[in-house]
Amino acid sequence: MVSKGVSFVEDLFAPPEDYDGQGTGAVMVEIERGDSLSTIGTTLERNDVVASEEAFTDAASNNPDALSIQAGFYQMKRKMSADAAVDLLLSGKARAETQLTIPEGLTVDEIVEAIDKGTDIKAADVRTALQRPQSLGLPAYAANDVEGYLFPATYPIPPDASAHDVLTMMIDEFKQVAAKLNLEGAARQAGMRPADVVTVASLVEAEASRPEDRGKVARVIDNR
């Protein structure tokens, strides 16, 4: 009984399981926006990058820069020590995605060209995907019209992303922002349809050359 108790205490206070060295092979992992260090550690453990989430969080807690690990896709190795994994994530060398920036005020045609220029995805493939709007996850009130629903932002595009993947990523971002703003509820209060609000917002972005002009443009559109 005594030996079992000693063994239990030793296990309780033993350091977490960890690998040695820089690892071998390759595995792609995604760190999502808002992931905590614990969540990142769990993702790495699940992909056998590190031996345990606890080893990763311990290593991260000893590195003051660990909180700056950014969301994105990383080409990691398997069976890395936790310290090596933290260092690689912070080095920038493992980033595997292309950063695609879609500015505000672009039309769908301009967004197609931006994807073509900013990634390995061809404009023709984007236009083909746009011909199947019902597969892109648009909100019901969009009535399968993507204009105004491809949200302007900077997106991490993984190496194997398709045109469909990029478009759904942008529409998902729109839906998340719309939910935060309670777009549908605000539209009802204003006596408008959600799609009308999106149309007005798109026109304002396209026609206002300066942020301070947006209110004036919106009033002009409202009076048309």
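Here goes a summary of the coordinates provided.

Calculation notes
- Residues numbered from 1 in each chain as written.
- Predicted model: local features only at pLDDT ≥ 70, side-chain atom pairs only at ≥ 80, totals over all residues.
- Heavy atoms only, no water.
- Patch = residues over 30% accessible without salt bridge, like charges linked within 9 Å, V, L, I, M, F, W, Y side chains within 5 Å.
- Areas by Shrake-Rupley, 256 points an atom, 1.4 Å probe, with all protein chains shown as cover.
- Salt bridge = Lys/Arg side-chain N within 4 Å of Asp/Glu carboxyl O.
- Lys, Arg positive; Asp, Glu negative; His and termini not counted.
- Charge placed at Lys NZ, Arg CZ, Asp CG, Glu CD.
- Helix = DSSP H or I, 4+ residues; strand = E, 2+ residues; numbered from the N terminus.
- Phe/Tyr/Trp six-rings, centres within 6.5 Å; stacked < 30°, edge-to-face > 60°.
- Buried < 20%, exposed > 50% of the residue type's maximum accessible area, 1.4 Å probe, protein only.
- Axes fitted to C-alpha atoms, helices over the stretch in contact; angles between N-to-C directions.
- Parallel < 35°, antiparallel > 145°, perpendicular 65-115°, else oblique.
- Left-handed = near helix turned anticlockwise from the far one by under 90°.
- Contact = heavy atoms within 4.5 Å.
- Nonpolar A, V, L, I, M, F, W, Y, C, P; charged D, E, K, R; others polar.
- Arc of directions from axis to C-beta.

### Comments concerning a negative patch on the surface
Stage number 1. Together, E17, D18, D20, E45, E54, D58, D83 and D87 give the surface a local cluster of negative charge.
Stage number 2. Among the secondary structure elements, E54 is positioned in helix α3 (residues 53-61).

### Quick notes on the packing of aromatic side chains
Stage number 1. Within this structure, the stated rule accounts for 2 aromatic pairs.
Stage number 2. Judged by centre distance (6.2 Å) and plane angle (50°), the ring pair of Y141 and Y149 falls under tilted.
Stage number 3. Arranged with centres 4.8 Å apart and planes meeting at 75°, the rings of Y149 and F174 form a pair that is edge-to-face. Linking Y149 in the loop between α6 (123-130) and β4 (154-157) with F174 in helix α7 (residues 163-181), this pair joins segments that are 25 residues apart in sequence.
Stage number 4. Judged by its relative accessible area of 3%, Y149 is buried.

### Concerning the packing of helix α5 (residues 108-118) against α6
When two helices pack together, you describe them by how their axes are tilted relative to each other and by the distance separating the axes.
Stage number 1. One can describe the packing of α5 onto α6 by two numbers: an axis separation of 8 Å at closest approach and a directional angle of 135°. Between α5 and α6, the interaxial angle falls into the category oblique. Crossing handedness for the pair α5 and α6: right-handed. Taken together, the residues of α6 that come into contact with α5 (itself represented by V108, V112, E113, I115 and D116) are A123, V126, R127 and L130.
Stage number 2. Here the contact of α5 with α6 is built from residues that sort into 6 nonpolar, no polar and 3 charged.

### Observations concerning α5
Stage number 1. Along α5, the residues classified as buried are V108, I111, V112, A114 and I115. All buried residues of α5 lie within an arc of 160° about the axis, which places them on one face of the element. Opposite the buried face of α5, by more than 90 degrees, sit the exposed residues D109 and K117.
Stage number 2. Looking at the buried side of α5, the elements it contacts are β3 (98-101), α6 and α7.

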